[in-house]
Amino acid sequence: MAEKEAGAGEEPAAGAPSDGHVAGDGNSDGRASVLFVGDVVGGIGRRTLLDSLPLLRERYQPTFVIVNGENVAGGLGITPKLADELIDAGIDAITLGNHTYHRREIYPYLDSQPRILRPVNFLRSQPGHGVCMVERDGVRLGVINLSGNLYLRAGRSAFTEIEAALGELGQAEHIIVDMHAEATSEKVAMGWHLDGRVTAVVGTHTHVPTADARVLPKGTAYITDVGMTGPRGGVIGVKREQAIESLLTQMPVRFETSEEDPWLMAVFIRCSTPLRADSIEQVLMPRPQSPPRAD
Ligand SMILES: [Fe+2]
Ligand SMILES: [Fe+2]
């Protein structure tokens, strides 16, 4: 099943913001680490992320935290307010995907906020940009968002447009690529295509984590899909009864975000020499128990 519809589917941070960020192991030698969080789905996913962050920062001490936020607003898209909430929580960059333009109010924000990315291989005429550079602890991390071309609408080829994107990041000690794609074949191929040229290629979009996290032979960390941060009790984020009804009846069904069994799904990548990863580790954990919140 693809995503929800149709029953299927920089500005460098010179002077890091005072956001409670715990400095990681980054330094001028290029050592750093990245926590990349899979598609955050709805309010339940947002709360799961925000409730998990203190524990994750303590446990992993990531230099950078990157989040795919294409499903943050009620399961589809993102709004300026919600993007600001993530950035205020210390998220270094937000990547998106096929749901980028679901909320019209995000269009100008995509142009004005350097830390939020839409796939770089969308048409140039579409709002936003697909590359940014963030800096912490003297380490510059380039972030690139790509969209697959199979079963998704992306105006240009991910495999040709990646070259220009990499050309913008010549000063980066590390580069992480979010390859937002439906087909495993495209994601695996992009991992091999970029092996040795970027620090990590991480897949997003299917909301289901894969078991193939590894460092490729030339030093690029790779996983086909990070998974989602949201309700495991649903069907890739949707209430399961509604997804099943849609598939059973083949009729339109209004989808709502499930609230059942929220988990955080991410990968933690240790980076050493420029553009190389030492390790990639999956992070799969239920939402921490916490007192009820007003939101
Ligand atoms: Fe998604
Ligand atoms: Fe997606």
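The rules behind these values
Residues numbered from 1 in each chain as written. Chains lettered and ligands numbered in written order. Predicted model: local features only at pLDDT ≥ 70, side-chain atom pairs only at ≥ 80, totals over all residues. Heavy atoms only, no water. Pairing = 2+ DSSP bridges. Helix = DSSP H or I, 4+ residues; strand = E, 2+ residues; numbered from the N terminus. Contact = heavy atoms within 4.5 Å. Axes fitted to C-alpha atoms, helices over the stretch in contact; angles between N-to-C directions. Buried < 20%, exposed > 50% of the residue type's maximum accessible area, 1.4 Å probe, protein only.

Undergrad: Before we move on, could you go through the sheet that holds strand S8 (residues 214-215) and cite the residues and values that matter?
TA: Taking strand neighbours across the sheet as the criterion, the six strands line up as S4-S5-S6-S7-S9-S8 in an open arrangement whose pairing is mixed. Sheet topology places strand S4 (131-136) and S8 at the edges, where each strand pairs with a single neighbour. Pairing between strand S6 (residues 174-180) and strand S7 (residues 200-204): five bridges, direction parallel. Its bridge partner lying in S7, Val177 is registered against Val201. Strands S4, strand S5 (139-147) and S6 of the sheet are contacted by helix H4 (residues 158-167), whose axis makes an angle of about 160° with S5. Packing against the sheet, helix H5 (residues 184-194) makes contact with S5, S6, S7, S8 and strand S9 (221-223), and its axis sits at approximately 170° to S7.

Undergrad: Describe the pairing of strand S11 (residues 262-271), with residues and values.
TA: Of all 10 residues making up S11, nine are buried, and the element is well covered by its neighbours. Both strand S1 (residues 32-37) and S11 contribute to a ladder of six bridges, which runs antiparallel. Pairing of Ser33 across the sheet is with Arg270, part of S11. The sheet contact formed by strand S10 (residues 230-231) and S11 spans two bridges and is antiparallel. By the bridge assignment for S11, Gly230 is matched with Trp263. Direction of pairing for S11 relative to strand S12 (residues 277-286): antiparallel, over a ladder of nine bridges. Within the sheet, the bridge partner assigned to Met265 lies in S12 and is Leu284. In sequence, S11 turns back onto S12 through a hairpin of five residues, with Leu275 there showing a positive phi of about 60°.

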